[in-house]
Amino acid sequence: MGSTIIGTGSYLPEKILTNADLEKMVDTSDEWIVTRTGIKERRICSENMSSSDLGVEAAKKAILDAGISADEIEMIICATITSDMPFPSTACIIQSKLGLDNIACFDISSACSGFIYGLELARSFTNNGCYRKILVIAAECMSRVTDYTDRSTCVLLGDGAAAAIVSHSGDTDGIIDSYLGSSGKYGNLLYIPAGGSKLPASHETVSNHLHFMKMEGSAVFKIAVNAMSSAIKKIFERNNIHAEDISLLIPHQANIRIIQGVARSMGVPMEKVFVNIEKYGNMSAASVGVALDEAVKAGRIHKGDLVCMVSFGAGLTWASNLIRWNKDD
Ligand code: COA
């Protein structure tokens, strides 16, 4: 009895927002952004697209990669903090756009940790065979909640989506274990103040930029390094794994200095760490999913490899997992 990833996909919008573009929008420089974050450019979705559209494109690629028919999917879990609208769920909207009906669909809100949370939910549902195939999607239009007058956040974020098909399998390889954590007391370090039941949209919330993401960057930075390192340690200890056993570490792509800090504290050399932050910036839940798909397609993951994914985000939340990759190259 087990659960395994049989297909992955990702979708990045075509439009590129470079550091040079941002230099014209806020008081910043390419040099500051690259040295402090590692980001060179990020993708921005077109006006007529929303998170579900990005998710659908990623899902179609994952379905193709898995070699299954869309009709075989029994559940859709969508991780997003930029849902198309408060309700219905983006998962239901994606279901309809994929032409599927009468299956379980729901969203999860775990911010940047959402893809790993989603994979763990899918593992729980498929492990005992109750569900055979689940589509996990992370889709984010972060540009829609970014204040392009705030230089401390607008240089960090981008849009994108990732998807994975999680299948019941007869073998214990695949998604071996996950560790999920959170600490709500830090919620005010990273949040969108308005637009929910606490502070509904009004002229005032709009004019005060309260529908955009707010962040205490340096406080989040310190907690991120500790929380991700501790999430990796926990999953290693629980499974009697050591840093040298890992073929690839796939961390959330928020800041290259956070990634380097985590790798250093875990004793994992940077050659074994997947990094694509320079191209996309932080795409919240989509970041680790896109990184997983790119790592597979770039030949950085082979059958039998032990992969560790780790993430961190608003909530605050954090998550790690261990995957013994068992899909043929
Ligand atoms: N361009 C130029 N200067 C900038 C800037 C920008 N885009 N953004 C901030 N600054 C300035 C600040 O105003 C500050 O100036 P001051 O010293 O005159 O006050 C200076 O740079 C240093 O700011 P600070 O916030 O201490 O920088 P930092 O080294 O911590 O880097 C972040 C800022 C946001 C890149 C970093 O804190 C970070 O990555 N935090 C975590 C982000 C994250 O992981 N978020 C999501 C979690 S999923």
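As the structure is a prediction and not an experimental result, all values here were calculated from the model.

S.K.: Would you mind going over the environment of Ser202 with me for this structure?
M.R.: Within the secondary structure, Ser202 sits in the loop between strand 9 (190-191) and helix 7 (203-207). Distance from Ser202 to Leu119, taken between C-alpha atoms, is 36 Å for residues 83 residues apart in sequence.

S.K.: Looking at this model, I keep getting lost on the sheet that holds strand 7 (residues 159-169). Mind explaining?
M.R.: Pairing between the strands of a sheet comes from backbone hydrogen bonds, and it takes one of two forms, parallel or antiparallel. Strand order in the open sheet made by the five strands is 1-7-6-4-5, with mixed pairing throughout. Edge strands, defined here as strands with exactly one partner in the open sheet, are strand 1 (2-11) and strand 5 (104-108). The sheet shows a mean angle of 20 degrees between the axes of neighbouring strands, direction not considered. Inspection of the sheet shows strand 1 paired to strand 7 by nine bridges, in the antiparallel sense. Pairing of Thr8 across the sheet is with Ala164, part of strand 7.

S.K.: Looking at this model, I keep getting lost on the site of the ligand. Mind explaining?
M.R.: Every one of the 23 residues lining the ligand counts as a neighbour, but Thr28, Arg36, Arg151, Gly217 and Asn255 are closest to it. In this structure, Arg36 approaches the ligand through a side-chain N or O atom, which is 2.7 Å from an oxygen atom. Taking Gly217, its main chain carries an N or O atom lying 3.0 Å from a nitrogen atom of the ligand. Surface burial for the ligand is 71%, taken as the share of its 960 Å² of free accessible area covered by protein chains. When contributions to the shell around the ligand are tallied by element, the ones reaching two or more residues are helix 2 (30-37), helix 6 (151-154), helix 8 (217-238), helix 9 (256-266) and strand 12 (306-313).

S.K.: What's the story with the UniProt feature "active site" (unreviewed entry) in the protein in this structure? I'm lost.
M.R.: Residues annotated by UniProt as "active site" (unreviewed entry) correspond here to Cys112, His252 and Asn282. These annotated residues cover 171 residues of sequence, but their C-alpha atoms sit close together, with the largest distance between any two at 8.6 Å. Within the secondary structure layout, Cys112 lies in the loop between strand 5 and helix 5 (114-127). Judged by its relative accessible area of 9%, Cys112 is buried. Those residues in contact with Cys112, other than ones at most four positions away along the chain, are His252, Asn282, Ser284, Ala285, Ser311, Phe312 and Gly313. Inspection of the secondary structure puts Asn282 in the loop between helix 10 (277-280) and helix 11 (286-297). Asn282 has contacts with Cys112, Met142, Leu156, Leu157, Gly158, His252, Gln253, Ala254 and Ser287, leaving out every residue within four places of it along the chain.

S.K.: So what exactly am I meant to see when it comes to the sheet that holds strand 8 (residues 174-182) here?
M.R.: A sheet is described by the order of its strands in space; here four strands give the open sequence 8-13-12-11, paired in mixed fashion. For this open sheet the edge positions go to strand 8 and strand 11 (248-251), each flanked by a neighbour on one side alone. Averaged over all neighbouring strand pairs, the angle between strand axes comes to 10 degrees, with direction disregarded. One ladder, built from eight bridges, connects strand 8 with strand 13 (residues 317-324); its direction is antiparallel. Counted as the bridge partner of Leu180 is Ala319 from strand 13. Sheet strands in contact with helix 5 are strand 8, strand 12 and strand 13, and its direction is about 125 degrees off that of strand 8.

Thresholds applied
Residue numbering note: each chain is counted from 1, following its sequence as written. Reporting in this predicted model follows two pLDDT cut-offs: at least 70 for local features of residues, and 80 or more for side-chain atom pairs to be given and counted; totals over whole chains, interfaces and linings ignore these cut-offs and use all residues. The side-chain figures draw on all heavy atoms in the structure; neither hydrogens nor water molecules are used. Secondary structure elements follow DSSP: runs of H or I of four or more residues count as helices, runs of E of two or more count as strands, with numbering from the N terminus. Strand pairing requires that DSSP identify at least two bridges connecting the strands. Only the stretch in contact is used when fitting a helix axis, every axis being a line fitted to C-alpha atoms; angles between N-to-C directions are given from 0 to 180 degrees. The cutoff for a nearby residue is simple: one of its non-hydrogen atoms must lie within 4 Å of the molecule or strand. Between N or O atoms, a polar contact is any pair within 3.5 Å; within protein, one atom must be a potential hydrogen donor and the other a potential acceptor, and residues adjacent in sequence are included only when both atoms are from side chains. We get accessible surface area from the Shrake-Rupley algorithm with a probe of 1.4 Å; when it comes to residues, only the shown protein chains can shield them. UniProt positions are given in the numbering used here, feature names are shortened, and annotations may be inferred rather than shown by experiment. Each residue is assigned to one of three classes by its accessible area relative to the maximum for its type, calculated with a 1.4 Å probe on protein chains only: buried under 20%, partly exposed between the two thresholds, exposed over 50%. Any two residues whose heavy atoms approach within 4.5 Å are treated as being in contact.

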